[in-house]
Amino acid sequence: MKSQQAILYIPLEWLAAQDLTIENYICRILYKDETSCDRLYQLTGTCRTQPDLILLLDGFNEVGDTNKAGFDKEIRGFAQYPGLQIVVTSQENVSERYQFGFVKATVCGLLDGQIQKILTEEEWHHIQGNYTL
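Note that the structure is a prediction, hence the values are computed from the model and not measured.

The next point concerns the overall build of the chain. From N to C terminus, the chain includes seven helices and three strands. Listing the helices and strands of the chain from first to last along the sequence gives β-α-α-α-β-α-β-α-α-α. Put simply, the chain has 133 residues, and 30% of those count as buried. Working note: accessible area of the chain is about 9300 Å², and carbon and sulfur atoms make up 50% of it.

Under the criterion given, the structure shown has two salt bridges. Residues K68 and E92 are paired through a salt bridge, measuring 3.3 Å at the closest nitrogen-oxygen approach. Remark: E92 occurs in the loop between β3 (84–88) and α5 (94–98) and K68 occurs in helix α4 (residues 65–78); sequence separation between them is 24 residues. With a relative accessible area of 5%, K68 lands in the buried category. Here E92 falls in the partly exposed class, since its relative accessible area comes to 32%.

With that out of the way, let us pick up unusual backbone geometry. Negative phi characterises most residues that are not glycine, and trans characterises most peptide bonds. In this structure, D19 takes a positive phi of about 55° despite not being glycine. Locating D19 in the fold gives a position in the loop between α1 (12–17) and α2 (22–31). Taking the relative accessible area as the measure of exposure, D19 reaches 68% and is therefore exposed.

About the cut-offs
- Residues numbered from 1 in each chain as written.
- Predicted model: local features only at pLDDT ≥ 70, side-chain atom pairs only at ≥ 80, totals over all residues.
- Heavy atoms only, no water.
- Helix = DSSP H or I, 4+ residues; strand = E, 2+ residues; numbered from the N terminus.
- Buried < 20%, exposed > 50% of the residue type's maximum accessible area, 1.4 Å probe, protein only.
- Areas by Shrake-Rupley, 256 points an atom, 1.4 Å probe, with all protein chains shown as cover.
- Salt bridge = Lys/Arg side-chain N within 4 Å of Asp/Glu carboxyl O.

Purely spatial values, then, with no claim about function.
As structure tokens, then:
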């Protein structure tokens, strides 16, 4: 039986505003307890051959330098665990500055018709011609 991967979305700007580490947030969400991080490392440890947990770390460019330094250290530490797969989103090229050693991917922009399919008519009317992503 193939194990299922869990995906955890982590908004880094919110995390920084709450003065939380990535590790504490993961443990709070998965185990309802920030002190149970040893369970996280058992889940993702060196005995794993593929990721069981995918971290989607969103908005790296949206946090200040102090938080970036802390998150950078945590991301580098997490990258050592084969049971974790890490995706970092940013509007800037973090792979050049921080050299995480990750593969860089660029998301293609959506066309107006594609955006319109996602939004309600009211939302589309509100942003039509005025949005910048």
